[in-house]
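Understanding the architecture of this molecule
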Amino acid sequence: MMNIKEIMEYLPHRYPFLLVDRVTESEKGEFIKGYKNISLNEPFFNGHFPNNPIMPGVLIIEAMAQISGILGFLTVGRKPSDGVVQYLAGSSKARFKRPVVPGDRLCLESRMISGKRGIYKFECRALVDDEVVCVAEILTAERES
């Protein structure tokens, strides 16, 4: 498990763009699970949409990329403090099944499919109450910062 302070050692993101609150499980080179609690005071709800708040799909993709980046770092035993960053390099096969709204806990799952020369591919899912809300393949690239 990782709390928010430990997560911040692996991700350079900070509020309001840090989209992982907790890591609940991980196995180096295999998988990671965690979550983001969605509250009404998230800054993106001011404009998306004021009378019908829905988490933007691109931020769900970003949350899956962030948790995948943590798995990438854990797998190679490095952190941003070592002078490297995991960048989102691509996403494919994204499908959205239902909206994510205030009060939801967005559970994030990522499984490493492949990795070589600093490019990693992940199969990701986002769930709310055990119901899949989004699936996607995510690519990250490790680069010197």
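Position labels on residues start from 1 in each chain and follow its written sequence. Since the coordinates come from a predicted model, pLDDT governs what is reported: local features require at least 70, and pairs of side-chain atoms require 80 or more to be given and counted, while whole-chain, interface and lining totals use all residues. Heavy atoms throughout the structure, all of them, feed into the side-chain values; hydrogens and water do not.

1. Some thoughts on the overall build of the chain
- Think of it this way: any DSSP run of H or I at least four residues long counts as a helix, any run of E at least two long counts as a strand, and we number them from the N terminus. Along the chain, the regular secondary structure elements total 2 helices and 6 strands.
- Seen in sequence order, the chain has helices and strands lined up from the N terminus as α-β-β-α-β-β-β-β.
- The C-alpha atoms of the chain give a radius of gyration of 14 Å, which matches the 15 Å a tight globule of 145 residues would have.
- Classification of the 145 residues of the chain by burial places 42% in the buried group.
- Should any heavy atoms of two residues lie within 4.5 Å, those residues are considered in contact. If you take every contact in the chain between residues at least 6 apart in sequence, the share linking residues at least 24 apart comes to 61%.
- Using the Shrake-Rupley algorithm and a 1.4 Å probe, accessible areas are obtained, with residue cover drawn only from the displayed protein chains. For the chain, the accessible surface area stands at approximately 7,700 Å², while carbon and sulfur atoms represent 50% of it.
- Once the 19 positive and 18 negative side-chain charges of the chain are each reduced to a mean point, those two points are 4 Å apart. Restricting the calculation to C-alpha atoms gives the radius of gyration, and the globule rule supplies 2.2 Å times the number of residues raised to the power 0.38. Throughout this description, buried means an accessible area under 20% of the type-specific maximum (1.4 Å probe, protein chains only), exposed means over 50%, and partly exposed covers the range between. As used throughout, the charge tally considers Lys and Arg to be positive and Asp and Glu to be negative, leaving His and the chain termini uncounted. Charged side chains are reduced to one point each, which is NZ for Lys, CZ for Arg, CG for Asp and CD for Glu.

2. Some words on the UniProt feature "active site" (unreviewed entry) in the chain
- Mapped onto this structure's residue numbering, the UniProt feature "active site" (unreviewed entry) falls at H48.
- Inspection of the secondary structure assignment puts H48 in the loop between β2 (31-37) and α2 (57-76).
- A relative accessible area of 24% means that H48 is categorised as partly exposed.
- In this structure, H48 is in contact with P53, I54, M55 and P56, ignoring residues within four places of it in sequence. UniProt positions are given in the numbering used here, feature names are shortened, and annotations may be inferred rather than shown by experiment.

3. A closer look at the sheet that holds strand β4 (residues 105-116)
- Note: two strands are recorded as paired if DSSP finds a minimum of 2 bridges between them. Within the open sheet, the 6 strands sit side by side as β1-β2-β4-β5-β6-β3. Their pairing is antiparallel. Two strands close off the open sheet at either side, each with one partner strand: β1 (22-27) and β3 (84-96). The sheet shows a mean angle of 20 degrees between the axes of neighbouring strands, direction not considered.
- Summarising the sheet, β2 and β4 pair through 7 bridges and their orientation is antiparallel. From the neighbouring strand, N37 faces β4, where its bridge partner is R105.
- Lines fitted to C-alpha atoms define the axes here, with helix axes fitted over just the stretch in contact, and angles between the N-to-C directions of these axes take values from 0 to 180 degrees. Packed on one face of the sheet, α2 meets β1, β2, β3, β4, β5 (119-128) and β6 (131-144) and runs near 135 degrees to β3.

4. What to know about the nonpolar core
- Note on terminology: a nonpolar core comprises buried Ala, Val, Leu, Ile, Met, Phe, Trp, Tyr and Cys residues joined through side-chain atoms within 4.5 Å. Ranked by internal contacts, the top residues of the largest apolar core, which has 38 residues, are M64, I70 and L106.
- Within the residue set of this core, elements represented by two or more residues are α1 (4-10), α2, β4, β5 and β6.
- The biggest single contributor to this core is α2, with 11 residues.

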